[in-house]
Amino acid sequence: GRDSSDYQAWLAAYLAFGAAYWLVSRQLNRPTPDLLRLLLLAVMSVSPAVISHYSGTGLGGILLLVSAGVLPWLLPPAFGLAWLIAQNLILVPVFAVHEEFTVIQAFLQVGLYFGYSSFTFVTSHVAKRQAEAHDELRRLNAELRATRALLAESSRANERVRISRELHDLLGHHLTALSLNLEVASHR
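1. With respect to the overall build of the protein chain
A tally of regular secondary structure across the protein chain gives six helices and zero strands. Reading the secondary structure of the protein chain in the N-to-C direction produces α-α-α-α-α-α. Against the globule reference of 16 Å for 188 residues, the protein chain gives a C-alpha radius of gyration of 35 Å, more extended than a compact globule. The buried share among the 188 residues of the protein chain stands at 26%. Counting only contacts in the protein chain whose residues sit at least 6 apart along the sequence, the fraction spanning at least 24 positions is 66%. Total accessible area on the protein chain stands at roughly 12500 Å², and carbon and sulfur atoms take up 68% of it. Of note, the protein chain has its 15 positive side-chain charges centred 8 Å away from the centre of its 14 negative side-chain charges.

Put into structure tokens, the structure is as follows:
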């Protein structure tokens, strides 16, 4: 009957959301999202509305928190914020069709979920920035170590050159003196 088909639609949307999240979150830190990742993100944004519609609950709003957490990793901040607003607005008609919600109440409910989603979005954005800063720090530290190793090798090479010059000068003076002494001895 109707309840069985509602449950099946709810379960299918829930599994689609889970699969999309799993596929998207495997490699979050790729520099630019490709078309497949955007499609998966769209599934993560629409599935919660389907879940809320067929379950008659606000579970979809909670799942949007998960979507909000991956947005900063996949999209530039401005586009991510626009996506966040759009994915929350999808819930307005879903909540408005239920008898217990007026359109105003649906907007208020979505506003509540949007507030939580915004917090998740900002927190995830900060985490991404910290990860990027950590990667940059690691890169700079590696460059510093390489530079330090080159400087140490350069210092050793310069010291070897200085010692070889001193030996050359010292031996050169002795050989010149011996040569002059031999020249004087050959004339005597």
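After that view of the structure, there is still more to cover.
2. Quick look at the nonpolar core
Core analysis: the biggest nonpolar cluster contains 19 residues, and V24, L41, V70, L71 and L74 have the highest contact counts within it. Going through the elements one at a time, helix 1 (2-25), helix 2 (35-55), helix 3 (59-74) and helix 4 (77-89) are the ones with two or more residues in this core. Among residues more than four places away in sequence, those in contact with V24 are R37, L40, L41, M44, V70 and L74. One finds L64, V92, F95 and V110 within the second-largest nonpolar core, a separate group that totals nine residues.

3. Topic: helix 2
Here helix 2 contains 21 residues, and its C-alpha end-to-end distance of 30 Å stays within 8% of the 30 Å for a straight helix at 1.5 Å per residue. Residues of helix 2 that are buried include every one of R37, L40, L41, M44, S45, S47, P48, A49, I51 and S52, and no others. One or two steps after helix 2, the chain reaches G56, where phi turns positive at roughly 70 degrees.

4. Topic: the packing of helix 3 against helix 6 (residues 103-187)
Between helix 3 and helix 6, the shortest axis-to-axis distance is 7 Å and the interhelical angle comes to 30 degrees. One finds that helix 3 runs roughly parallel with respect to helix 6. In terms of crossing hand, the pair formed by helix 3 and helix 6 is right-handed. Contacts from G61, I62, L64, L65, A68, G69, L71, P72 and W73 of helix 3 reach helix 6 at Y113, Y116, S117, T120, F121, S124, H125, A127, K128 and A131. A per-class count over the contact of helix 3 with helix 6 returns twelve nonpolar, six polar and one charged.

5. Considerations on the packing of aromatic side chains
The geometry of an aromatic ring pair is captured by the separation of the ring centres together with the interplanar angle, meaning the angle of the planes. This structure, assessed with the given rule, holds five aromatic pairs. Between the aromatic rings of Y7 and W10, the centroid separation amounts to 6.0 Å while the plane-to-plane angle is 20 degrees, which identifies the pairing as stacked. Placement of the pair is Y7 and W10 together in helix 1, with a separation of three residues, close to one helical turn. Its end group placed over the ring of W22, R26 keeps NZ or CZ at 5.0 Å from the ring centre.

6. So, helix 3
An α-helical turn contains 3.6 residues, so a residue and the one three or four places further along point in the same direction. Here helix 3 spans 23 Å end to end across 16 residues, near enough to the 22 Å set by a 1.5 Å rise per residue. The element helix 3 is extensively covered by neighbouring structure, given that twelve of its 16 residues are classed as buried. Listing the buried residues of helix 3 in full gives G60, G61, L63, L64, S67, A68, G69, V70, L71, P72, W73 and L74.

7. Section: the pattern of salt bridges
Across all of its chains, the model carries eight salt bridges by this definition. Between R138 and D135 there is a salt bridge, with the nearest N and O atoms lying 3.5 Å from each other. Here D135 and R138 lie together in helix 6, a separation of three residues that amounts to about one turn. One salt bridge connects R139 with E143, and the closest N-O pair in it is separated by 2.2 Å. In this pair, R139 and E143 both sit in helix 6, four residues apart, roughly one turn of the helix. In this structure R139 comes out as partly exposed when scored by relative accessible area, which is 38%. Residue classification places E143 among the partly exposed positions, given a relative accessible area of 39%.

Conventions adopted
- For every chain, the first residue of its written sequence is number 1, and the numbers climb from 1 along that sequence.
- Per-residue local features of the predicted model are confined to residues with pLDDT of at least 70, and side-chain atom pairs are confined, for both listing and counting, to 80 or more; whole-chain, interface and lining totals are unaffected and use all residues.
- Only hydrogens and water are set aside when side-chain values are computed; all heavy atoms of the structure are taken into account.
- A run of H or I in DSSP counts as a helix once it spans at least four residues, and a run of E counts as a strand once it spans at least two, with each numbered from the N terminus.
- Restricting the calculation to C-alpha atoms gives the radius of gyration, and the globule rule supplies 2.2 Å times the number of residues raised to the power 0.38.
- Three exposure classes are used, based on accessible area relative to the maximum for each residue type with a 1.4 Å probe and protein chains only: buried under 20%, partly exposed in between, and exposed over 50%.
- Here a residue-residue contact requires only that any non-hydrogen atoms of the pair lie within 4.5 Å.
- Residue exposure ignores everything except the shown protein chains as possible cover, and the areas themselves are Shrake-Rupley values with a 1.4 Å probe.
- Just so you know, the count uses Lys and Arg for positive and Asp and Glu for negative, and it drops His and the chain ends.
- Every charge is mapped to an atom, namely NZ of Lys, CZ of Arg, CG of Asp or CD of Glu.
- The term nonpolar core refers to a set of buried residues drawn from Ala, Val, Leu, Ile, Met, Phe, Trp, Tyr and Cys, joined through side-chain atoms within 4.5 Å.
- One less than the residue count of a helix, multiplied by 1.5 Å, gives the span that helix is expected to have.
- Only the contacting stretch of a helix is used when fitting its axis, a line to C-alpha atoms as for every element, and angles between N-to-C directions run 0 to 180 degrees.
- Between 65 and 115 degrees an angle is taken as roughly perpendicular, under 35 as roughly parallel, over 145 as roughly antiparallel, and anywhere else as oblique.
- Put simply, a crossing is left-handed when the front helix is turned counterclockwise from the back one by less than a right angle, and right-handed when it is turned clockwise.
- Gly is put with the polar residues, along with every residue not named as nonpolar or charged; the nonpolar set is Ala, Val, Leu, Ile, Met, Phe, Trp, Tyr, Cys and Pro, and the charged set is Asp, Glu, Lys and Arg.
- Two rings from Phe, Tyr or Trp (for Trp, the six-membered ring) form a pair when their centres are within 6.5 Å of each other. A pair whose planes differ by under 30 degrees is stacked, one over 60 is edge-to-face, and the rest are tilted.
- Criterion for a charge above a ring: Lys NZ or Arg CZ within 6 Å of the ring centre, and within 35 degrees of the ring normal.
- Whenever Lys or Arg places a side-chain nitrogen within 4 Å of a carboxyl oxygen from Asp or Glu, that contact is recorded as a salt bridge.

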